[in-house]
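# A closer look at the structure
Here are the chains, one letter per residue:
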4 protein chains.
Amino acid sequence: MSSKFLKLNPEKQDRIVNAAIKEFVQKGFKNASTDEIVKEANISKGSLFYYFKDKKGLFLYLYDYCSEIVMNEFFAKIDLNEHDILKRFREMLLLKIELIKRYPEIFEFMKVAYFEDAAEVKSDLERRNKEMITRSYQELFGDIDLSKFREDIDAKRAVNIIIWTMEGFSSQQQEKAKSLSLNDLDFDEILAEMDHYIDLLKKCFYK
Amino acid sequence: MSSKFLKLNPEKQDRIVNAAIKEFVQKGFKNASTDEIVKEANISKGSLFYYFKDKKGLFLYLYDYCSEIVMNEFFAKIDLNEHDILKRFREMLLLKIELIKRYPEIFEFMKVAYFEDAAEVKSDLERRNKEMITRSYQELFGDIDLSKFREDIDAKRAVNIIIWTMEGFSSQQQEKAKSLSLNDLDFDEILAEMDHYIDLLKKCFYK
Amino acid sequence: MSSKFLKLNPEKQDRIVNAAIKEFVQKGFKNASTDEIVKEANISKGSLFYYFKDKKGLFLYLYDYCSEIVMNEFFAKIDLNEHDILKRFREMLLLKIELIKRYPEIFEFMKVAYFEDAAEVKSDLERRNKEMITRSYQELFGDIDLSKFREDIDAKRAVNIIIWTMEGFSSQQQEKAKSLSLNDLDFDEILAEMDHYIDLLKKCFYK
Amino acid sequence: MSSKFLKLNPEKQDRIVNAAIKEFVQKGFKNASTDEIVKEANISKGSLFYYFKDKKGLFLYLYDYCSEIVMNEFFAKIDLNEHDILKRFREMLLLKIELIKRYPEIFEFMKVAYFEDAAEVKSDLERRNKEMITRSYQELFGDIDLSKFREDIDAKRAVNIIIWTMEGFSSQQQEKAKSLSLNDLDFDEILAEMDHYIDLLKKCFYK
DNA sequence: TATGAATGAGGATTCATTCAT
DNA sequence: TATGAATGAATCCTCATTCAT
């Protein structure tokens, strides 16, 4: 596959990956121009297709590249001994913030990939996405300690509400962050705000 | 504008709107083919560009067209005298179900439009989306009766959790519905499930 | 298929057909440049692909176009009541000369098509070639009066020798003609030479 | 030149020659891939272009290489003391069969080269082809004993008919052989069939 | 108004050839 | 000598948009 690409020196790999992610994020798969990518990465047209079979191959390579970072920097670091969903929830936010600080483009790319319509990559992506989602849901929320929840409510549904709250909170923050540069973000404030939600949920859902 | 389009007889307008929505939903903005649209709508290529300035103009027209239906069939019908967010929440689901039954493609189109990456329409859509969202949030959740909430929790944040629950629940159902045809959907079951969430939230968040 | 092409006015059709045949004859399928064809035909790049699906579609159209001319101007005109193979043989040469005079490029194109290696068209051509050859052999040599041949020789093999002689004679003449322009060809001389062969074969093979 | 190539050890030369012939036979000049050739020959891309100036140089080298084999294994072995064309004719077929058994690809390559359309090599090949053909015709048929022929026919023309018969017979057999593997060919049967033609021609053309 | 033929800039991809090592 | 990464001109093809009728 992309074995040729992996032999390049890391600096060059980075230039290409960054240029390609940027272009795909801005324009989506179909609209992204390989001309633009090679110009930005400062390589020749031929090289891109020497490293990757075609545009689709490049796109899927980037998806796998990003997935792996997310796996290593996010999923692998979660403390699976913590079975309190709200505590895990908090930890996940911390990890996510760390991830965004270090790899800001990667989240954008994963989002674009998730909603990509282009027929050429849709089926490949759907397979990978589905796999990733089921795997991660299982891993992240399969071992929750349900005994913590009030006994007069359905714990499963409460868990769902917590997950949706986490998702909603995240996209709310991302929406707010859109107009700001990374440096202008006040992560402490975000964390503090999140703690309010956690407290609220604990107070209402837990025994 | 699309004033020329609006002079057409409604049946023809419908054919064009439906053909275009179908194509955009299936393939996204960039990938959608005007050839396909005119073929499906049974009009000539020239006509399409006589009615609409360009592909982008058509897309944005459809967005406005769908927005208006959503406004009329959804927002306008909400009983603003009901200030209990959970009751309103339930009503909204009923209206949404009604809307999906009558205009199944419109929801799809709005979703596609929301995640469209194509540079040509991205900024225009973002402006309209933001506008619509802030307006509707204001309208839908600006007059909530916060006195119903327990006094030891922050009502604003509780409202947010309810909103995110509603959103999460909706997309969960849509995800499930993906493989099913409209006829196979059991709306009563969905409603019953939703009622469980409403009860749960009432029990936990209300006095 | 090429219905769009067939709606063009004949003069334009001719320009395109001639330009394309010329290019394919000179360079073969793969090496032929669609740029060159549109330049020579004085049409735009887009038009060529509006008329024909792709390069292969154009090539196969030309093949069918040439086949039909050969069918009408050659096969259809052969007098099937003449069962003497040598007389028919002579008639075929006359028709062939007539055909070359009127459509000089067509023979060249059919030869190029016959020996085309390019994988993209090879199988399509082989099917058509095989069909044409078996059909024409059947038609041309299926009803020969074998009673004219000496009884001490195998008539079937004698027929084959005659066919090969005809083929060999034709390619010999074509080889000679390569350096000459059409106007410089002395068809009467060719015919006279052929008559010598016919006499010889009659003298040797017939009773 | 290809002097650099000739310094290689024979085993390597063979690998390259065989790989290149195979590729050119399968795909023709233009369509043949130098990548495929170096992969099959197990040499580096750079080497190929170190040994040969360019693709055309490689192709023409192969042509000369094959020509020489044909010269040594075919023309050089013909018994020039045999002036009876039909006997020589028979001997040629035996030699040809021997040649095909030992170098099956070479015949294919010569045929492909003969009908190659690619502009880059066409003129070079035509020169060599013409040279070879005239030389060989001269050598093979220049010293025929014409006194054997019946006096009431033109011997020169009879010789041509015999040559064309031989050519036609050969291509008929090759056409039949196309779908068969070399091992499945029954050379004895071919020879027997050929003898029928020789007898027939002798009976009809000789005194 | 309506048509559909015509356009051409732009896009992805190929591949013989070069060249630094 | 040998390598294989790098190149970029050339190629086929697409498709929104225009325009003469």
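The following paragraphs examine the structure supplied in this document. (Residues numbered from 1 in each chain as written. Chains lettered and ligands numbered in written order. Predicted model: local features only at pLDDT ≥ 70, side-chain atom pairs only at ≥ 80, totals over all residues. Heavy atoms only, no water.)

The helix and strand inventory of chain A stands at 10 helices and 0 strands. The linear arrangement of helices and strands in chain A, starting from the amino end, is α-α-α-α-α-α-α-α-α-α. Classification of the 207 residues of chain A by burial places 48% in the buried group. The long-range fraction of contacts in chain A, counting pairs at least 24 apart against all pairs at least 6 apart in sequence, stands at 70%. As displayed, chain A offers around 10800 Å² of accessible surface, 51% of which is attributable to carbon and sulfur atoms. Averaging the locations of the 34 positively and 38 negatively charged side chains of chain A gives two centres separated by 4 Å. (Helix = DSSP H or I, 4+ residues; strand = E, 2+ residues; numbered from the N terminus. Buried < 20%, exposed > 50% of the residue type's maximum accessible area, 1.4 Å probe, protein only. Contact = heavy atoms within 4.5 Å. Areas by Shrake-Rupley, 256 points an atom, 1.4 Å probe, with all protein chains shown as cover. Lys, Arg positive; Asp, Glu negative; His and termini not counted. Charge placed at Lys NZ, Arg CZ, Asp CG, Glu CD.)

Moving on, we get to the relation of the copies chain D and chain C. When chain D is fitted to chain C, the best match, at an RMSD of 0.5 Å, comes from turning it 177° and sliding it 0.0 Å along the axis. Taken together, these values place the two copies in the relation of a two-fold axis. Distance from the rotation axis, computed per C-alpha, reaches its smallest value in chain D at Cys204(D): 2.5 Å. Most of the interface of chain D is mirrored in chain C: 97% of its interface residues are interface residues there too. (Least-squares fit on C-alpha atoms with pLDDT ≥ 70 in both.)

Both copies of the chain are related by a screw-like operation: a rotation about an axis and a shift along it. The operation relating chain B to chain A is a screw motion whose rotation component is 177°, with 0.2 Å of axial translation and a residual RMSD of 0.5 Å. A shared binding surface is used by both copies, with 97% of the interface residues of chain B retained as interface residues in chain A.

Moving on to the protein's contact with DNA strand E. Close contacts around DNA strand E come from 31 residues, with Thr34(A), Lys45(A), Tyr50(C), Tyr51(C) and Thr34(D) the closest. For DNA strand E, the fraction of protein-proximal atoms (within 4 Å) that sit in sugar or phosphate groups is 62%. Note that a phosphate oxygen of DNA strand E is positioned 2.9 Å from one of the side-chain N or O atoms of Ser44(C). Within the side chain of Ser47(C), a nitrogen or oxygen atom sits 2.7 Å from a phosphate oxygen of DNA strand E. For the surface near DNA strand E, the secondary-structure elements that each account for two or more residues are α4 (45–51) of chain A, α4 (45–51) of chain B, α4 (45–51) of chain C together with α4 (45–51) of chain D. Residues of the surface near DNA strand E, tallied by class, amount to 10 nonpolar, 10 polar and 11 charged. (Near = heavy atom within 4 Å. Polar contact = N/O pair within 3.5 Å; in protein donor to acceptor, adjacent residues only side chain to side chain. Nonpolar A, V, L, I, M, F, W, Y, C, P; charged D, E, K, R; others polar.)

Moving on: the interface of chain D and chain C. Each partner contributes residues to the interface: chain D has 36 residues there, and chain C has 38 residues. Across the interface of chain D and chain C, roughly 3000 Å² is buried in total on both sides, 59% from carbon and sulfur atoms. The interface formed by chain D and chain C holds 2 salt bridges in total. Taking the shortest distance from any N to any O, the salt bridge between Glu193(C) and Arg157(D) comes out at 2.9 Å. (Buried area = accessible area lost by both parts, 1.4 Å probe. Salt bridge = Lys/Arg side-chain N within 4 Å of Asp/Glu carboxyl O.)

So, on to the pattern of salt bridges. Scanning the model with the defined rule gives 80 salt bridges over all chains in all. The residue Glu23(D) makes a salt bridge to Lys27(D) at a minimum N-O spacing of 2.8 Å. Taken together, the residues span about one helical turn, with Glu23(D) and Lys27(D) both in helix α2 (residues 10–31) at a distance of 4 residues. Looking at Glu23(D), the relative accessible area reads 6%, which means it is buried. Here Asp64(D) and Arg128(D) are joined by a salt bridge, their closest N and O atoms 2.6 Å apart. Taken together, the residues Asp64(D) in helix α5 (residues 55–73) and Arg128(D) in helix α8 (residues 119–141) connect sequence positions 64 residues apart. What makes Asp64(D) partly exposed here is its relative accessible area of 37%. You can call Arg128(D) partly exposed: its relative accessible area is 21%. Taken together, the shared-partner salt bridges in this structure form one network comprising Lys56(A), Asp124(A) and Arg127(A).

Attention now goes to the nonpolar core. Formed by 150 residues in total, the largest nonpolar core has its most connected members in Phe149(A), Phe205(A), Phe109(B), Phe149(B) and Phe205(B). Not counting the four nearest positions on each side in its chain, Phe149(B) is found in contact with Ile85(B), Ile144(B), Ala155(B), Ala158(B), Val159(B), Ile162(B), Phe205(B), Tyr206(B) and Lys207(B). Ala20(C), Met71(C), Phe52(D) and Leu86(D) belong to the second largest nonpolar core, which has 148 residues in total. (Core = buried A, V, L, I, M, F, W, Y, C linked by side-chain atoms within 4.5 Å.)

Listed per partner, the contact involves 36 residues of chain B and 38 residues of chain A. Summing the contributions of chain B and of chain A, the shared interface buries around 3100 Å²; its carbon and sulfur component is 59%. Sorting the residues of chain B by area buried against chain A places Arg157(B), Trp164(B) and Leu200(B) first, and these three jointly supply 23% of that buried surface. One can count 2 salt bridges joining chain B with chain A.

As a further point, take a nonpolar patch on the surface. Taken together, the side chains of Tyr114(A), Ile133(A) and Tyr137(A) present a nonpolar region at the surface, about 260 Å² in accessible area. The topology assignment puts Ile133(A) in helix α8 (residues 119–141). (Patch = residues over 30% accessible without salt bridge, like charges linked within 9 Å, V, L, I, M, F, W, Y side chains within 5 Å.)

On to the side chain of Ser67(B). Residues and elements named next belong to chain B. When you line up the elements, Ser-67 lands in helix α5 (residues 55–73). Taking relative accessible area as the criterion, Ser-67 reaches 11% and is therefore assigned buried. What Ser-67 contacts, discounting residues up to four positions off in sequence, is Met-110 and Met-132.

It is worth spelling out helix α10 (residues 187–205) of chain B at this point. At 3.6 residues per turn, the α-helix brings residues three or four places apart onto the same side. For α10(B), which comprises 19 residues, the first-to-last C-alpha distance of 26 Å matches the rise-based estimate of 27 Å (1.5 Å per residue) to within 8%. Among the residues of α10(B), those classed as buried are Phe187(B), Ile190(B), Leu191(B), Met194(B), Tyr197(B), Ile198(B), Leu200(B), Leu201(B), Cys204(B) and Phe205(B). Looking at the packing, one finds that the buried side of α10(B) touches α9 (155–177) and α10 (187–205) of chain A together with α6 (85–102) and α9 (155–177) of chain B. Two to three positions downstream of the cap, the backbone nitrogen of Asp188(B) sits 3.1 Å from a side-chain oxygen, assigning the N-cap of α10(B) to Asp186(B). (Expected span 1.5 Å × (residues − 1).)

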